[in-house]
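Residues per chain, in single letters:
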Amino acid sequence: MGNLEASRDGLAQALHEHLDLLEEAARSIAILRASGNIDQEPLKTALERLKANRNKISEQVKAIGEMDVTGREEDVIEDIIALLGYYVEIAYINERRLLLEVKDTLDTREDLESLEKLKGSAELVLRSLGWPH
């Protein structure tokens, strides 16, 4: 059994990184547009970094989902619910919007599928933790 607090902290760090990566990707889209869709490398790099981050988030969600949270500190569980709720209701939407924005320039189907799978996993964990209250 893993450490719930460490998973909470890892999830928080990955979500903080996610915010930075979304900003980086948005800047890359601006560079792409300014270059007349010629300079795709910054965007490709940004999307690869988002994919790696999505994998980190997925690992944390999976770890939390596999833990027995019975009798655990309520504040830690509430933190996890808040973090996963943020992911499902805000971070997921922002990343999806970004991927859809560039789908005509780069093939983002695999990323979109991965994103949907992660959202579904996060929702399952949220429900197992009693969300919504």
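This is a predicted model, so every value here is computed, not measured.

1. A short note on the layout of surface pockets
Turning to step 1, where the next piece is worked out: Taken as a whole, the largest pocket encloses approximately 230 Å³ of empty space.
Turning to step 2, where the next piece is worked out: Lining the largest pocket, in full, are Lys44, Leu47, Glu48, Lys51, Arg54, Asn55, Leu106, Asp107, Thr108, Glu110, Asp111 and Ser114.
Turning to step 3, where the next piece is worked out: For the lining of the largest pocket, the per-class residue count stands at two nonpolar, three polar and seven charged.

2. Focus: the packing of helix α1 (residues 4–34) against helix α3 (residues 74–101)
When two helices pack together, their arrangement is given by the angle between their axes and by how far apart the axes lie.
Turning to step 1, where the next piece is worked out: Viewed as axis vectors pointing N to C, α1 and α3 meet at an angle of 20°, and their least axial separation amounts to 10 Å. On the basis of the axis angle, α1 is roughly parallel to α3. In this structure, the crossing between α1 and α3 has a hand that is left-handed.
Turning to step 2, where the next piece is worked out: Looking at the contact of α1 with α3, its residues break down into 18 nonpolar, two polar and six charged.

3. Examining a negative patch on the surface
Turning to step 1, where the next piece is worked out: A surface patch of like charges, here negative, comprises Glu73, Glu74, Asp75 and Glu78.
Turning to step 2, where the next piece is worked out: Structurally, the position occupied by Asp75 is in helix α3.

4. Comments concerning unusual backbone geometry
Turning to step 1, where the next piece is worked out: Residue Asn37 is not a glycine yet carries a positive backbone phi of 65°.
Turning to step 2, where the next piece is worked out: Of note, Asn37 is situated in the loop between α1 and α2 (41–66).

5. As for α1
Turning to step 1, where the next piece is worked out: Taking 1.5 Å per residue, 31 residues should reach 45 Å; α1 reaches 45 Å between its end C-alpha atoms and fits that length.
Turning to step 2, where the next piece is worked out: Where α1 starts, the residue carrying a side-chain oxygen 2.9 Å from the main-chain nitrogen of Glu5 turns out to be Asn3.
Turning to step 3, where the next piece is worked out: Note on α1: the residue one or two positions beyond its end, Gly36, has a positive phi of about 70°.

6. Some points on the confidence of the model for the protein chain
Turning to step 1, where the next piece is worked out: Scored by pLDDT, the protein chain has a mean of 93; 98% of the residues are at 70 or more.
Turning to step 2, where the next piece is worked out: The secondary structure element of the protein chain with the lowest average pLDDT is α1, at 95, and the one with the highest is helix α4 (residues 109–128), at 97.

Conventions we followed
- Residues numbered from 1 in each chain as written.
- Predicted model: local features only at pLDDT ≥ 70, side-chain atom pairs only at ≥ 80, totals over all residues.
- Heavy atoms only, no water.
- 1 Å grid on protein atoms, 1.4 Å probe; cavity = no way out; pocket = protein on both sides within 12 Å on 5 of 7 lines; lining within 4 Å.
- Points joined across faces, edges and corners; volume = space filled by probe spheres on them.
- Nonpolar A, V, L, I, M, F, W, Y, C, P; charged D, E, K, R; others polar.
- Axes fitted to C-alpha atoms, helices over the stretch in contact; angles between N-to-C directions.
- Helix = DSSP H or I, 4+ residues; strand = E, 2+ residues; numbered from the N terminus.
- Parallel < 35°, antiparallel > 145°, perpendicular 65-115°, else oblique.
- Left-handed = near helix turned anticlockwise from the far one by under 90°.
- Patch = residues over 30% accessible without salt bridge, like charges linked within 9 Å, V, L, I, M, F, W, Y side chains within 5 Å.
- Areas by Shrake-Rupley, 256 points an atom, 1.4 Å probe, with all protein chains shown as cover.
- Salt bridge = Lys/Arg side-chain N within 4 Å of Asp/Glu carboxyl O.
- Lys, Arg positive; Asp, Glu negative; His and termini not counted.
- Charge placed at Lys NZ, Arg CZ, Asp CG, Glu CD.
- Expected span 1.5 Å × (residues − 1).
- Polar contact = N/O pair within 3.5 Å; in protein donor to acceptor, adjacent residues only side chain to side chain.
- pLDDT = per-residue confidence, 0-100.

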